[in-house]
Amino acid sequence: LVPRMSGFGTTIFAEMSALAARTGSINLGQGFPDTDGPAAMLHAAKAAIDAGRNQYPPGPGVPELLEAVAAHQRRFYGLDLDPTTQVLVTVGATEAIASVVLALCEPGDEVVTFEPYYDSYAATIALAGATRRTSVLRFPDFAVDEASLRAAFSPRTRLVLLNTPHNPTGKVFTRAELELVASLAREHDAWVVTDEVYEHLVFDGAVHVPVATLPGMFDRTITISSAGKTFSATGWKVGWLSGPAEAVAAARTVKQFLTFVGSGPFQPAVAVALGLGDDVYAGIADSLARGRDLLCDALETAGLTVSRPAGTYFVVADAAPLGAVDGLEFARRLPELAGVVGVPVSVFHDDQGAARTLIRFAFCKRDDVLREAGRRLASAR
Ligand code: PMP
Ligand code: GLN
C-alpha cells in the first residue's frame, strides 16, 4: 500500500458492523435504514430488469435520471440545470466526491473541510495527493468558528469540501455560516464541493440551504447527492453531482476510469423516486424525526449528554457519564457493556481531543429496535 494511504486501513463502519454481527448487538453504527424505500421505486427497478435494461447504461447516466435530477433541483431549489451537460450520475455520493476531488486537485493543493468529516473525504484528498486543512465543529452545538475557518484557507486552497446536513453531527449549516464559507471561497477563488446527501432529512422546520443557491455561487459550486439516504436504498449506490458544465465535464472524465458507468436498472428506478410527491418526501423526514426523539430520549435516560440533531439520521452523544475515556476503546467495548454498537466520533477528527468521549448513533431504525437499544443502554449504566 502506498504510504499516503497507509493510515486508512479498514473503515470504522466495516469494523463496527462486523463487531455488531459477531456479538449479536443492535447496530446503530453504520448508517443504513432497516426498512425499504418507496414501493414505486422498488417496482421500477424490477421492471427495468424485466425490460432487459441489464447492459451498460450511458456513461453520464440514463437520460431519465439526468432529467429527474435536474427537475428535482428546479422543484426544490429553483435551480435550472441542463441535464446533458450539468448533471452526472455516479456510483453513490462516494464516487461523486472522488471524481470531483481527483478532477480538480493537483498534488500539493489544499482542501478545506470541517472536522469531524465523513471518512471518505480524508481518504480521497489523500488519493489526490492534496492536503487537508480543517476547522473544528465543537460539541454540543457544532457552530462554525470563523477564525479557525479563515485560518484554514491559504493561497493554495483549491476547494472547500462541505457537508450539510452534516454527518456525523446532525448539524444543518445556517445560511449565515454558508455565506461565510462562500465569501471565503470567492476571496480565494476556490471551488465549493457540497455534499448534500441528507438534504431531505431535516426536522422541526430546519431549512436546508443548498450552497449553489447562494448569490454568485452557482458557477463555483458542485453539488452532490445520493438516493441512498433520501430513499432508504444505501445498497443501490446511485448518486449524482451537478454544477457548471466545465466542472461536470472534468468529473465525468475521471469517473469514466473509476467505474465507467453505474449500475443500470437502479437508475430509472431512482428517477421514479425523485419524481414522487411532496407527501413521500415529508413522510421520510417525519418518520426519522420520530426515531430521533426516541433515541435521543433513550440516550438521555441512559445518562448520556446528547446534541439533538436538526438533520441527518445520526445523533452525537457524550458517553463520559457511562465511563468512556477513549471513544474508540469505549465503542469496541459497548457491545459487551450494552449489546449496542455506535461509532466513535474521534476517528473523524485530526484533533482527536475535540471528540474524546463522543459516540455517534444512527436512528434510521424501526421504533421497536430503537426502544430496545434504549433499554439496553439504560441497563448498562
Ligand atoms: N457523504 C456523506 C456525508 C455520507 O454520510 C455518505 C454515506 N453515509 C456518503 C457521502 C456516501 O454516500 P453513498 O453511499 O451514496 O456513496
Ligand atoms: N455513510 C454511512 C455512515 O456514515 C455509511 C457509509 C459506509 O459504510 N461507508 O454511517
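Residues numbered from 1 in each chain as written. Chains lettered and ligands numbered in written order. Predicted model: local features only at pLDDT ≥ 70, side-chain atom pairs only at ≥ 80, totals over all residues.

Peer 1: Help me out: how do you make sense of the site of ligand 2 in this one?
Peer 2: Around ligand 2 sit Thr 11, Phe 13, Gln 30, Gly 31 and Asn 167, and that is every residue in its neighbourhood. For the shell around ligand 2, the per-class residue count stands at one nonpolar, four polar and no charged. (Near = placed C-beta within 6 Å. Nonpolar A, V, L, I, M, F, W, Y, C, P; charged D, E, K, R; others polar.)

Peer 1: In this structure, what is going on with the nonpolar core? I would like to understand it.
Peer 2: For soluble globular proteins, the rule of thumb is that nonpolar side chains tend to be buried together. One finds Val 101, Leu 159, Val 160, Val 192, Val 270 and Leu 299 to be the most contacted residues of the largest nonpolar core, which totals 122 residues. Of all the elements, helix 4 (residues 92–104) adds the most residues to this core, at eight residues. Shared between two domains, this core holds at least three residues of each, these being domain 1 (3–30 + 279–379) and domain 2 (39–276). (Core = buried A, V, L, I, M, F, W, Y, C linked by C-beta atoms within 7 Å. Buried ≥ 20, exposed ≤ 12 C-beta atoms within 10 Å, placed from the backbone. Helix = DSSP H or I, 4+ residues; strand = E, 2+ residues; numbered from the N terminus. Domains from an automatic or database assignment.)

Peer 1: What am I meant to see in the sheet that holds strand 7 (residues 221–226) here?
Peer 2: Across a sheet, paired strands are connected by hydrogen bonds in the backbone, their directions being either parallel or antiparallel. Spatial strand order, 2-8-7-6-5-3-4: seven strands in an open sheet with mixed pairing. Single-partner strands in this sheet number two, and they are strand 2 (87–91) and strand 4 (131–136). The mean angle between the axes of side-by-side strands here comes to 25°, regardless of whether they run parallel or antiparallel. (Pairing = 2+ DSSP bridges. Axes fitted to C-alpha atoms, helices over the stretch in contact; angles between N-to-C directions.)

Peer 1: Is there a simple way to explain the pairing of strand 10 (residues 314–318) in this structure?
Peer 2: Remark: a regular strand shows side chains that alternate across the two faces of the sheet. In terms of burial, strand 10 is largely enclosed, as five of its five residues are buried. Burial along strand 10 is two-sided: the residues Phe 314, Val 316 and Asp 318 and Val 315 and Ala 317 are all buried. Here strand 9 (residues 305–307) folds back onto strand 10 in antiparallel fashion, the turn holding six residues, of which Thr 312 has a positive phi close to 70°. Where strand 10 and strand 13 (residues 358–362) come together, five bridges link them in antiparallel fashion. Opposite Ala 317, over in strand 13, you have Ile 359 as the bridge partner.

Peer 1: Help me understand the domain arrangement of the protein, please; the structure alone is not making it clear to me.
Peer 2: Note: interface size is frequently given as the accessible area lost on complex formation between the parts. Domain boundaries assigned for the protein yield domain 1 (3–30 + 279–379) and domain 2 (39–276). Only helix 11 (278–301), strand 10 and strand 13 provide two or more residues apiece to the side of domain 1 that touches domain 2. With seven residues, the single largest contributor to the side of domain 1 that touches domain 2 is helix 11. Looking at side-chain class alone, the side of domain 1 that touches domain 2 contains 20 nonpolar, five polar and six charged residues.

Peer 1: What is the right way to read the site of ligand 1 from this model?
Peer 2: Among the 14 residues in the neighbourhood of ligand 1, the closest are listed as Gly 92, Ala 93, Thr 94, Asn 167 and Ser 226. For the shell around ligand 1, the element with the highest residue contribution is helix 4, accounting for three residues. Its residues assigned to classes, the shell around ligand 1 shows three nonpolar, nine polar and two charged.

Peer 1: Explain the packing of helix 4 against helix 9 (residues 245–258) to me, please; I cannot follow it from the model alone.
Peer 2: Each pair of packed helices gets described by two things: the angle between the helix axes and the distance between those axes. Look at helix 4 against helix 9: their axes get within 8 Å of each other, and the N-to-C directions meet at 115°. Helix 4 and helix 9 meet at a crossing whose hand is right-handed. Listed contacts from helix 9 to Glu 95, Ala 98, Ser 99, Val 100, Leu 102, Ala 103 and Leu 104 of helix 4 are Ala 250, Ala 251, Thr 253, Val 254, Lys 255 and Leu 258. Of the residues contributing to the contact of helix 4 with helix 9, the split by class is nine nonpolar, two polar and two charged. (Left-handed = near helix turned anticlockwise from the far one by under 90°. Contact = placed C-beta atoms within 7 Å.)

Peer 1: Explain unusual backbone geometry to me, please; I cannot follow it from the model alone.
Peer 2: One can expect most non-glycine residues to show negative phi and most peptide bonds to be in trans. Cis rather than trans, the peptide bond between Phe 139 and Pro 140 has omega equal to 5°. Following the sequence through the fold, Pro 140 ends up in the loop between strand 4 and helix 6 (146–152). Pro 165 follows Thr 164 through a cis peptide bond whose omega is -15°. With respect to the helices and strands, Pro 165 occurs in the loop between strand 5 (157–163) and helix 7 (175–187). At Phe 142, a residue that is not glycine, the phi angle is positive and equals roughly 55°.

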